[in-house]
Each structure stands twice: as C-alpha cells, then as structure tokens.
Amino acid sequence: MRLRRIFPLLLALALLSAPAGCGSLPAPAHPAQSESEPDVSAPAPGPGQEAPALPPFTLAFYPDYSIHPALAANRANLALSPLLYEGLFTVDGAFQPVPVLCRSWSVSEDGLVWTFLLRQGVTFSDGTPLTGTLAARALNTALGRGSRYEGRISYLRSVTGTEEAVTVTLYQPNGALPALLDIPLALDDSGRPLGTGQYVLDEPAEGTPALHARSDWWAGQPAPVHTIRLFSIQQAGDLIAAFDSGDVTLLDVDLTGTNSLGYSGSYEVWDYSTSDLIYLGFNTKKGWCRDVNVRRAVSRGIDRQSIAQIPYASHAAASSLPVHPSSPLSDSELQAAAAYDPDFLARFLQSASLPAKPLVLLVNTENRAKVSTAEYVAYQLQAVGLEAEVKKLPWDDFTAALEKGEFDLYVGEVLLPADFDPSALLSSSGALNYGRWEDSRADQLLYALRCAREEDRAPAARELWNRLEETAPIAPICFKNGSVLTQWGRLSGLRPVQNNAFFGLEGWVLDP
C-alpha cells in the first residue's frame, strides 16, 4: 500500500504514546495529505534551467557486520538479502508461496516427506551450480542454532539433498510447508557468503561498495538499475542523517517497533502486510478472566479499527482473528461477527457481578505504540463501565509478571509464521501461552489445520477460528505493517512484501 503523504516521523512517533485526555480519544497523529495540500518536494526547474542531476540509487550498508541472510542480525544488511540471495520459495502479499529456485514438488501420502526439484541452470555468483546438496546444507545452517530461522519448523526431522532435489522430512505433517521455505540460500556460513540472486556484492579495497547486477543471472530479467551504491553506516544516527539528506534512497523499517528511529523530510511510504500480531492476552487460570463470558465480552469491547489508525498510525490492519485479513485463511463473516460492539459488553456488565477493583492490564514500557494501545483498551473498557488499570513495566519485569501469572490482561505481540499456525500462542503446551489456557478441542483443531492439505486448509481454519471465538483465549487486535521509505519522487512501481522490500523488482521505475 502506497501512502502518498509527507510528514515528520519523529513528531508522529512521539505522538503515538500521547494519552487520551479530557474524556475523549486523541486525534490521529498525522492525517493523510489532502488533494489541496501543496507538494513540498523539490520544485521543477524554471525556463532556461537544467534539471538537477538525480542522486544514484543507494542503499544503507553496515560494512562491519555480517550480511549472511540467516546468521546476520543487522536490519539494514538483512534488507539487502533479496537482492543477493534466493530461496526455494518467496511469499507474496497474501502470504502465499511463490516458487523461485524450486520448479516442482511432491509430498508423501502421510504428509511427512516433501521432495522439491530445483530449477536447472541456477548458479551462485561465482559460477558454482546450485545442487540439492548445497541447498540442503544452506537450509540446515538456516534452521540451526543461532539462526534467525531457528525453530521455524520445530517438527523438522531432516533436510537432505541430491544433485537435483531437496528432501525435507518432518515429525508431524504440515500442508503449508512451502510457505515456510522462503529461506534465502547462502553458499556457506561466512559473513560474506555468495548467493544466486540478481546482484553480487563488490567491496573494493578503495572506493565505494556496491551491488552489481549479474549478467549470468538464471532468470534473465534486466535489472531496473545496474549498479546500486552502498552508503556505509557505522551507527544508527548516521542512518537517519543519510536518509534525511538523500544519500540513501530506500529503507525498510518498522515505524511502530521498539526503539524505532525517527525520520523527517520529504519521502513516500509503501506499507506492506506482515504476520506480526498485536493481541490482548487473558489470564484464564485466575481472576475474573477465568470466565469465558468475561473474555468474550471484553473482546467485543475493543475498537480495533481505532487502535490500528491511532496508536499504530494506520500502519496496521485490524483483525479479530489470529490471521491477517489478506490471507485466504481469513473469514470475512467471522471477522464481522466478532467486530466492535460496546453494547454487547455493556449488556454483559449489567447482568454480571464483577470486582470493584480494576482489572490489571500489563504492557511493556519500551514500545510506545503498545503502551498507547493499552491505554486505548483501558479507555474503551472504562467507557462502558469496566475499570482496567494499565501497569507499565520494563521488559524484564513484564516477562517475569507474565511467567508468574500476575495479570488479568496484557498487550502482547507475536510474529506468526507465514502459515499462520498459532500453536506457540494457543496450544496447551505453547511456549507463549502465558494465559495458561487449555482446551483439548482447540489442540485437535490446531493439529488439523497444520496437517491439512492446501485445498482443505480454509475449512480447517474456519473450524479453529470458530472455536477460538467461542472460548476467547486471546483477543486479536491488529497486524502491524512494515514500511518501505523512499525519497520523494524517486521510485514507482514498488510492491514490497514481508521479508522482501524488492518483491517485483522487475516492475520498478526510477522516476526522472
């Protein structure tokens, strides 16, 4: 989603945590630019004047850090990965797998053994042919200890390869396994491994580092720009200055993340959907939230749209289900059935006998958007007569309180996998099940969704969502957006997706 507006992000993000005052909700942090507002980008040259030379297309680069697509931790360097590395699949804006290095695949009758045949003629940037053996080695590195993909497939038994194929063997079936295999493949585990992507890194001993388009790239599509310069960054402040001054053309950022940086100046924002869920968790073992009727009533009393628009500054998609509305697994009827209904909560409160003391709502102080979300939830509940005390805690204290069950409610965040399996959050043994919710029927439905083949996944998901609506172990609020920032008027045709700001690169246009 392209947002055609210009705004100082430092001020906008500062407003995210502004509490409600005078008994009313605060106005949105930054309204969309109207058609009548002036364009404050660079003016066109006058008669007899030459147009100013456009700066080169430049990306941020931290030369002192690794660029390994699985082992690196620096966000700016990881943003370069889609240009240098490719996976068996990529995932599109609807979280559906799109084959890249894989040309076809098959699965055993029991759903435990998947065989992926590789495209022919693919090479790493030094000419080394891609084989199933090399692909399997790269996947094992990516799924091993210390990788950012560690634990992605917790029921993985083995990954092996032959000359033309990769075989993945599971302990439990997963009908959506391809969506989890958008893992970039690197030739080795060094800090500068080679990849099969459209570009190759050049770091001369003297001079500016750059990415150069490969003439031997297997896909054969022309690059919209042959050379991408890399602007060397040493610390976060340098990144802000480089983008604000125009030395860096594009950034992939989380505008509402913890410790998010502030940018100002004239630029465009291209939002994309993510599987990063913001939700309200309930203590289902003690306190008043043990009662499913309390949980369901509270869930209906949350105005998700206003939270997505104000605390998350419209960089989020409201959802009452633990699946993104863009996913085929979402269900518009169930989304509507669980929508904001303060009268539902008010009627429940009139017939219930709730405690005189307020419910305790925990939130982590390090994230301003989540603090603002907690305050909005408390305000919305208070508006119909249910008191909730927002308790703001530093991260370590927040997680300790969750582990001890010292809460009635909490604002949580979880990055779900692209198959939207919420087992870690909602299964009886889930590592993130802080509410200690147990439901054998839901456990069965979670397993059924994971095992379902592609054609059966939507019905399996609907059964699970129905059960979650009936039992309300959590109240989903919204899915955060990621954002690509570009210098105003420099680029068009962007279609970023989660983990790939350069998705659809062949359609980009560098505007004059």
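Here, the structure is the one placed above.
Read on for a plain summary of the structure. Position numbers for residues start from 1 in each chain and track the written sequence from start to end. Local features in this predicted model are restricted to residues of pLDDT 70 or higher, and side-chain atom pairs are both shown and tallied only at a pLDDT of 80 or more, whereas totals for entire chains, interfaces and linings draw on every residue. For the side-chain quantities, the full set of heavy atoms in the structure was used; hydrogens and water were omitted.

**Let's talk about the overall build of the chain**
- Across its full length, the chain holds 14 helices and 20 strands.
- In the chain, once contacts between residues fewer than 6 apart in sequence are set aside, the share between residues at least 24 apart is 71%.
- Note on areas: Shrake-Rupley, 1.4 Å probe, and residue coverage restricted to the protein chains presented here. In the form shown here, the chain has an accessible surface area of approximately 22300 Å², with 51% of it arising from carbon and sulfur atoms. Only DSSP runs of H or I covering at least 4 residues are called helices, and only runs of E covering at least 2 are called strands; the numbering of each starts at the N terminus. Contacts are assigned to residue pairs with any non-hydrogen atoms lying within 4.5 Å of each other.

**Observations regarding the packing of aromatic side chains**
- Ring geometry is summarised as follows: Phe, Tyr and Trp rings, the Trp one being its six-membered ring, pair when their centres sit within 6.5 Å, and such pairs are stacked at plane angles under 30 degrees, edge-to-face over 60 and tilted between the two. In total, this model carries 14 aromatic pairs according to the counting rule given.
- Between Phe-57 and Trp-508 the ring centres are 6.4 Å apart and the planes differ by 70°, which places this aromatic pair in the edge-to-face class. With Phe-57 in the loop between α1 (9-15) and β2 (58-61) and Trp-508 in the loop between β19 (491-492) and β20 (509-510), this pair connects stretches of sequence that are 451 residues apart. Residue Phe-57 shares its accessibility class with Trp-508, and that shared class is buried.
- A ring pair is formed by Tyr-62 and Tyr-65, whose centres lie 5.9 Å apart and whose planes are at 80°; its orientation type is edge-to-face. Remark: exposure states derive from per-residue accessible area (1.4 Å probe, protein chains only) relative to the maximum for the residue type, with buried under 20%, exposed over 50%, and partly exposed in between.

**Here we look at the packing of helix α6 (residues 292-300) against helix α9 (residues 342-351)**
- To obtain each axis, a line is fitted to C-alpha atoms, and for helices this fit is confined to the stretch in contact; angles are then taken between N-to-C directions over 0 to 180 degrees. Two numbers describe how α6 lies on α9: the axes approach to 7 Å, and their chain directions differ by 145°. Considering how the two elements wind past one another, α6 and α9 form a crossing that is left-handed. Within the contact between the two elements, α6 uses Asn-293, Val-294, Arg-296, Ala-297, Val-298 and Arg-300 and α9 uses Pro-342, Phe-344, Leu-345 and Phe-348.
- Along the lines of polarity and charge, the residues of the contact of α6 with α9 split into 7 nonpolar, 1 polar and 2 charged. A clockwise turn of the near helix away from the far one marks a right-handed crossing, whereas an anticlockwise turn of less than a right angle marks a left-handed crossing. Gly falls in the polar group here, along with every residue not listed as nonpolar (Ala, Val, Leu, Ile, Met, Phe, Trp, Tyr, Cys, Pro) or charged (Asp, Glu, Lys, Arg).

**A word on the sheet that holds strand β7 (residues 156-161)**
- With antiparallel pairing, 4 strands are arranged side by side in an open sheet as β5-β6-β8-β7. Taken across any chain shown, the strands that pair with only one partner, and hence form the sheet edges, are β5 (102-107) and β7. Put simply, the sheet's adjacent strands are angled 15° from each other on average, direction ignored.
- DSSP-based pairing: two strands are paired if at least 2 bridges between them are found. With 5 bridges joining them, β5 and strand β6 (residues 113-118) adopt antiparallel strand pairing.

**A word on the pairing of strand β15 (residues 359-364)**
- Among the 6 residues that make up β15, 5 are buried, leaving the element largely enclosed by the rest of the structure.
- By the bridge criterion, 6 bridges tie β15 to strand β16 (residues 388-393) in an arrangement that is parallel. Looking across to β16, one finds that Asn-364 is bridged to Leu-393.
- Two strands pair when backbone bridges link them, and β15 and strand β17 (residues 409-415) are joined in this way by 2 bridges, in the parallel orientation.

**Description of the nonpolar core**
- Take the buried Ala, Val, Leu, Ile, Met, Phe, Trp, Tyr and Cys residues and link them wherever side-chain atoms come within 4.5 Å; each set so joined is a nonpolar core. Residues Leu-362, Tyr-410 and Trp-465 are the most contacted members of the largest nonpolar core, which totals 36 residues.
- Going through the elements one at a time, β13 (267-282), α11 (395-404), β17, α12 (423-426), α13 (440-451), α14 (457-471) and β18 (474-487) are the ones with two or more residues in this core.
- Not counting residues within four places of it along the chain, the set of residues in contact with Leu-362 comprises Lys-391, Leu-393, Phe-398, Ala-401, Leu-402, Glu-406, Phe-407, Leu-409, Tyr-410 and Val-411.
- By size, the runner-up hydrophobic cluster in this structure holds 34 residues, among which are Phe-282, Val-294, Leu-345 and Leu-381.

**Description of empty space enclosed by the protein**
- Cavity means a closed set of points on a 1 Å grid over the protein atoms alone, one where a 1.4 Å probe fits but cannot get out, pocket means an open set with protein on both sides within 12 Å along at least 5 of 7 lines, and lining means a residue has an atom within 4 Å of a point. Grid points are joined across faces, edges and corners, and a volume is the space filled by probe spheres set on the points. One pass over the structure, following the stated rule, counts 3 cavities of 30 Å³ or more.
- Here the largest cavity is characterised by a volume of approximately 170 Å³.
- Taken together, 16 residues line the largest cavity, and the ones lying closest to its centre are Ser-299, Ser-320, Leu-468, Glu-469 and Ile-474.
- Secondary structure elements with two or more residues in the lining of the largest cavity: α6, α14 and β18.
- Grouping the constituent residues of the lining of the largest cavity by class yields 11 nonpolar, 2 polar and 3 charged.
- Volume-wise, the second largest cavity comes out at about 70 Å³.
- In terms of lining, the second largest cavity is formed by Gly-281, Phe-282, Tyr-410, Leu-425, Leu-426, Leu-432, Asn-433, Tyr-434, Gly-435, Trp-437, Pro-473 and Ile-474.
- Of all elements in the fold, only β13 and α12 reach the threshold of two or more residues within the lining of the second largest cavity.
- Split into classes, the residues belonging to the lining of the second largest cavity amount to 9 nonpolar, 3 polar and no charged.

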